[in-house]
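Given next are the chains, with one letter for each unit.
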Amino acid sequence: MTKNSSNIRTLFEPKSFAVIGASHDTDKIGYKIMNNIVSGGYAGKVYPINPQGGEILGNRVYKNIEDIEGDVDVASVVIPAKFVLDAVTRCAKKGVKFMQIITSGFSETGNTEEEKKIVAVAREHGMRVLGPNIFGLYSAPASLNSTFSAGTVLPGHVAILTQSGALGIALIGKTAVENIGLSTIVSIGNKCDIDEADLLEYLIKNDDTRVILMYIEGVKNGERLISALMRTTDTKPVVVIKSGRSKRGAMAAASHTGSLAGSDNIFDAIMKQCGVIRADSIDEAFNWCKFLAFSPKPKGNKSVIITNGGGVGVMATDACERYAIDLYDDQAELKRAFESVVPSFGSTKNPVDLTGGAKAQDYDLALSVPTANPGIDATIALYCETATFESADLVPMIKATHKKHLDAGKPVCYAIVGGTAVEDAIIRLRHDNVPVYGDVYQAVSCLGMLYRSERSKTEKTGPAEDADIDIAAINRIVDGALADKRSFLLANEGSAVMRAAGVSIPQTKVAHSIEQAVQIAEEIGYPLVMKIVSKDILHKSDAGGVALDIDNKEEVMDAYEAIIKNCQAYKADAHIDGIEVCEMVQKGTEIIVGARRDASFGPIVMCGFGGIYVEVMKDVAFRGYPFNKAEAMKMLKELRSFPLLLGVRGEPRKDIEGLIDALIKVGTIIRKCPRITDIEINPVVVYEQKRGHKAVDSRILITG
Ligand code: ACO
């Protein structure tokens, strides 16, 4: 199979474009697309194709793709589903480079076979396919609007990639109302071939695109997406809206790792890892995108809040904490800089409070300070409507101070609260792309996202390396369990996997007689734990198959007999493989470590507050694997219980480095041994620094 090497740029900037199913009927989608292409000012060659021939919007209509003399870079297909495969085959033979399949009625309705055939034909001929089930694509650099959107698209700097066609079409209208210009909007649909990762490759290099907004419903090839997003956020911000925060899917998962993971938690964690900003609503996403597209980048992280009201000032201070914005705190310098504009009963502390009597000229002066002061990097300007501020001055004051900030290359956002005059001002100013909001949190969140996207460029932890583990030994254990027709490993097999990976486990051996149990016990030393080994008894404690705190030879013999007796009584036909004699693990900090192969994102590692309260505390963090030690440390720092590892109230620091090592080893197992689908170790008991850890109870699921 040939996979096309055509530059993805051709999809966005084609020199020639065919519309298969271009219609003379002005009500049909095939006409609307033609109309948008022609009225949008596309400068390339346009080839409408329709068996009737004739002319559409001044363009000669070809009866067949084969009749076109020249090359065709992109062909859009707008004919009923049953004819699409034939059209694709003919385009492939003609040497068309990219296809946009608008037509619905493929995998989204269960017609997966036809979609597969389309992909097979396309791949065979080196052609790439966007869709099916899409509304098309708009590309500002080519002035190409091959969508069937109702209104015109404003050219600009925001790129939108959307999986939902209907939402995408609606967004075109909404961006026009909000005066948000687009560099491109692409409908991805069923992603039979081209997916988000392919499109990001173009957007990374496209200079028109300053910020990317993605609407995602499901991820198909997550590992590629992670790598593309990592590279994209190095150069420009990515905002994502993902539907499906529901926990229902997670409920069905078998292990803690599965149920705590939930697909949405994983999505969230991976987006953070990639430096992607996640928005909850369309409005939030639009606000952020618009701000990110137009704001200068901050040179440092010190912001100042300037207000005429104490209440909104406090709200903004809270919002700054939520969005990790640092406030400028040099009190002497603040006093010196703002003293002349703040009345004696106001405050020069940050928030700088001009008080309720502030007029436009006071704001002018106060908002000029940050633009000239090298210590202040960004401004949050707040205004509460008062009778002393002439409402007609509001828009000019904001426009002028906004311009001063732009000229100084410093970010500013405004939150203005009040009645009709204020609301009118918001509409007018927003239309002119001035970042004005009717709510303090909205305004501050925009600045917060600017800082977050800048930080994400520098905070990435870099390349990752797998741990050196004995994969052959692990595979042999899996072979044995599969030959035994099991989808899980027995406790002793789990321990053997951990040993092969170099994860520290309690010393343990399986005894097949009382004499052997005593011999092992004397080797390991006391205290000890003894556990039944039987594939027929999964809940060992319920069966009386566990004995704790064994301190001497006599207790070993008693426990051996009691365990066998209890288990035979519990399940008479249970096959007993022996009794595991284990070192009894000393108390330490209990952590849960898990890893699994996620259907969308591939290998995932989980870590959190462990022990029996893991489900109650739900204090866990996830990462897509591979990652390096620095990323593992970031993961641990996300835990609310991280201070337990640092040591509280004079306790010594725990062996965090050893735990990080274990996380990477567990990730390596999942990545390198594809038949292992789930690993959960609960608890991993972590001891003081340099004293290591013990992985006490590992459950491992496998698949043939
Ligand atoms: N080559 C060239 N032209 C052809 C061919 C062919 N092989 N076969 C048919 N045509 C012509 C037809 O003669 C017709 O032209 P005419 O109007 O001059 O007679 C034209 O192509 C269209 O064919 P119709 O049979 O009239 O199909 P219609 O336009 O009704 O529907 C469509 C086609 C729009 C692709 C439909 O099948 C469909 O899938 N609609 C859903 C599209 C959609 O919503 N996509 C997702 C977008 S995102 C969202 O949800 C908004």
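Criteria and thresholds
- Residues numbered from 1 in each chain as written.
- Predicted model: local features only at pLDDT ≥ 70, side-chain atom pairs only at ≥ 80, totals over all residues.
- Heavy atoms only, no water.
- Axes fitted to C-alpha atoms, helices over the stretch in contact; angles between N-to-C directions.
- Helix = DSSP H or I, 4+ residues; strand = E, 2+ residues; numbered from the N terminus.
- Parallel < 35°, antiparallel > 145°, perpendicular 65-115°, else oblique.
- Left-handed = near helix turned anticlockwise from the far one by under 90°.
- Contact = heavy atoms within 4.5 Å.
- Nonpolar A, V, L, I, M, F, W, Y, C, P; charged D, E, K, R; others polar.
- Near = heavy atom within 4 Å.
- Polar contact = N/O pair within 3.5 Å; in protein donor to acceptor, adjacent residues only side chain to side chain.
- Areas by Shrake-Rupley, 256 points an atom, 1.4 Å probe, with all protein chains shown as cover.
- Salt bridge = Lys/Arg side-chain N within 4 Å of Asp/Glu carboxyl O.
- Buried < 20%, exposed > 50% of the residue type's maximum accessible area, 1.4 Å probe, protein only.
- Phe/Tyr/Trp six-rings, centres within 6.5 Å; stacked < 30°, edge-to-face > 60°.
- Lys NZ or Arg CZ within 6 Å of the ring centre and 35° of its normal.
- Pairing = 2+ DSSP bridges.
- pLDDT = per-residue confidence, 0-100.
- Disulfide = S-S within 2.5 Å.
- Patch = residues over 30% accessible without salt bridge, like charges linked within 9 Å, V, L, I, M, F, W, Y side chains within 5 Å.
- Lys, Arg positive; Asp, Glu negative; His and termini not counted.
- Charge placed at Lys NZ, Arg CZ, Asp CG, Glu CD.
- Expected span 1.5 Å × (residues − 1).
- Arc of directions from axis to C-beta.

1. Some thoughts on the packing of helix H19 (residues 514-524) against helix H20 (residues 553-570)
Packing of H19 against H20 leaves a shortest axis separation of 9 Å and a crossing angle of 140°. Between H19 and H20, the angle falls in the class oblique. As for the relative orientation of H19 and H20, their crossing is right-handed in sense. Counting all contacts with H19, which are made through Ile514, Ala517, Val518, Ala521 and Glu522, the residues of H20 involved are Lys553, Val556, Met557, Tyr560 and Glu561. Each residue belonging to the contact of H19 with H20 can be placed in one class, and the counts come to 7 nonpolar, no polar and 3 charged.

2. Some points on the site of the ligand
Within the structure, the ligand sits among 21 residues, and Ser23, Lys28, Asn50, Ile102 and Ser104 are positioned closest to it. Interatomic distance of 2.8 Å between a backbone N/O atom of Ser104 and an oxygen atom of the ligand. Alone, the ligand offers 1000 Å² of accessible surface; in the complex the protein occludes 71% of this. Counted by class, the shell around the ligand contains 12 nonpolar, 8 polar and 1 charged residues.

3. As for the pattern of salt bridges
All told, the structure shown has 39 salt bridges when counted by the stated rule. Between Asp283 and Lys174 there is a salt bridge, with the nearest N and O atoms lying 3.2 Å from each other. Taken together, the residues Asp283 in helix H10 (residues 282-294) and Lys174 in helix H5 (residues 165-177) connect sequence positions 109 residues apart. Residue classification places Lys174 among the partly exposed positions, given a relative accessible area of 28%. Residue Asp484 pairs with Arg486 through a salt bridge whose shortest N-O separation is 2.9 Å. The exposure class assigned to Arg486 is buried, which follows from its relative accessible area of 8%. Because the salt bridges share partners, they merge into one network encompassing Arg123, Arg128, Asp193, Asp195, Asp198 and Arg224.

4. Overview of the packing of aromatic side chains
Centre distance and the angle of the planes are the two values used to describe a pair of aromatic rings. Taken as a whole, this structure holds 8 aromatic pairs when the rule is applied. Seen in terms of ring centroids, Phe267 and Phe601 are 6.2 Å apart; in terms of plane orientation they differ by 50°. Their pairing is tilted. Of this pair, Phe267 sits in helix H9 (residues 256-273) while Phe601 sits in the loop between strand E25 (589-598) and strand E26 (602-609), placing them 334 residues apart in sequence. With respect to class, Phe267 is no different from Phe601; both count as buried. Between the aromatic rings of Tyr625 and Phe627, the centroid separation amounts to 5.2 Å while the plane-to-plane angle is 80°, which identifies the pairing as edge-to-face. The same class applies to Tyr625 and to Phe627, which are both buried. Clustering of aromatic rings is evident, with ring pairs tying together Tyr363, Tyr383 and Phe389. Positioned over the ring face of Phe267 is Lys242, at 5.1 Å from the centre of the ring.

5. Side note on the sheet that holds strand E23 (residues 546-550)
Reading across from one edge, E21-E24-E22-E23 is the order of the 4 strands in this open sheet, with antiparallel pairing throughout. Looking at strand neighbours, the two that pair on one side only are strand E21 (508-511) and E23, the edges of this open sheet. Ignoring which end each strand starts from, the neighbouring axes of this sheet average 20° apart. Sheet topology places E21 next to strand E24 (residues 578-583); 4 bridges connect them, and they run antiparallel. If you follow Val510 over to E24, its bridge partner there is Glu580.

6. Description of the confidence of the model for the protein chain
Should pLDDT be low for a region, the predicted coordinates there are not to be read in detail. Overall, the predicted model of the protein chain reaches an average pLDDT of 92, with 96% of residues at or above 70. Every residue in residues 1-5 is under pLDDT 50, and counting partners more than four places away or in other chains gives 11 contacts.

7. Observations concerning the environment of Pro374
Looking at where Pro374 falls in the secondary structure, it is placed in the loop between helix H13 (360-372) and strand E18 (378-384). Among the residues examined, Pro374 registers a relative accessible area of 76% and is labelled exposed. It is 57 Å that separates the C-alpha atoms of Pro374 and Arg699, two residues lying 325 residues apart in sequence.

8. Looking at the state of the cysteines
Taken as a whole and assessed by the stated rule, the structure comprises 0 disulfides. Free of any disulfide, Cys91 has its nearest cysteine sulfur in Cys192, 14 Å distant. Cysteine Cys582 remains unbridged, with the sulfur of Cys567 as its closest cysteine sulfur at 14 Å.

9. Considerations on unusual backbone geometry
In this structure, Pro132 follows Gly131 across a cis peptide bond, with omega equal to -5°. Here Pro132 shows up in the loop between strand E7 (128-130) and strand E8 (137-139). In this chain, Asn682 is followed by Pro683 through a cis amide linkage whose omega measures 0°. Within the secondary structure layout, Pro683 lies in strand E28 (residues 676-686). Positive phi outside glycine occurs at Lys191, with the angle close to 50°. Positionally, Lys191 belongs in the loop between strand E11 (182-187) and helix H6 (196-205). One non-glycine residue with positive phi stands out, namely Asp549, at about 55°.

10. What about a negative patch on the surface?
A cluster of acidic residues, Asp549, Asp551, Glu554, Glu555, Asp558 and Glu561, forms a negative patch on the protein surface. If you tally residues by element for the negative patch, the top one is H20, at 4 residues. In this structure, Asp551 sits in the loop between E23 and H20.

11. Looking at the side chain of Gln100
Note that Gln100 resides in strand E6 (residues 98-101). Of note is the side chain of Gln100, whose polar atom sits 3.1 Å from the side chain of Ser146. Apart from the residues within four sequence positions on either side, Gln100 is in contact with Leu11, Phe17, Val74, Ala75, Ser76, Val77, Leu130, Ile134, Gly136, Leu137 and Ser146.

12. Points about helix H15 (residues 420-431)
Helix length check: H15 (12 residues) gives 17 Å between terminal C-alpha atoms against 16 Å at 1.5 Å per residue, within 8%. Taken together, the buried positions of H15 are Val422, Ala425, Ile426, Leu429 and Arg430. The buried residues of H15 occupy one face: seen down the axis, they fall within an arc of 120°. Turned more than 90 degrees away from the buried face of H15 sit Thr420, Ile427 and Arg428, all of them exposed. Each element contacted by the buried residues of H15 is listed here: H10, E18, helix H14 (394-408), strand E19 (412-417) and strand E20 (436-437). Within two residues after H15, Asn433 carries a phi angle of roughly 60°, on the positive side.

13. Quick notes on the sheet that holds strand E14 (residues 277-279)
Taken in spatial order, the 7 strands of this open sheet run E9-E8-E11-E10-E12-E13-E14, and their pairing is mixed. Strand pairing shows two members of the sheet lacking a second neighbour, strand E9 (144-145) and E14, which therefore form its edges.

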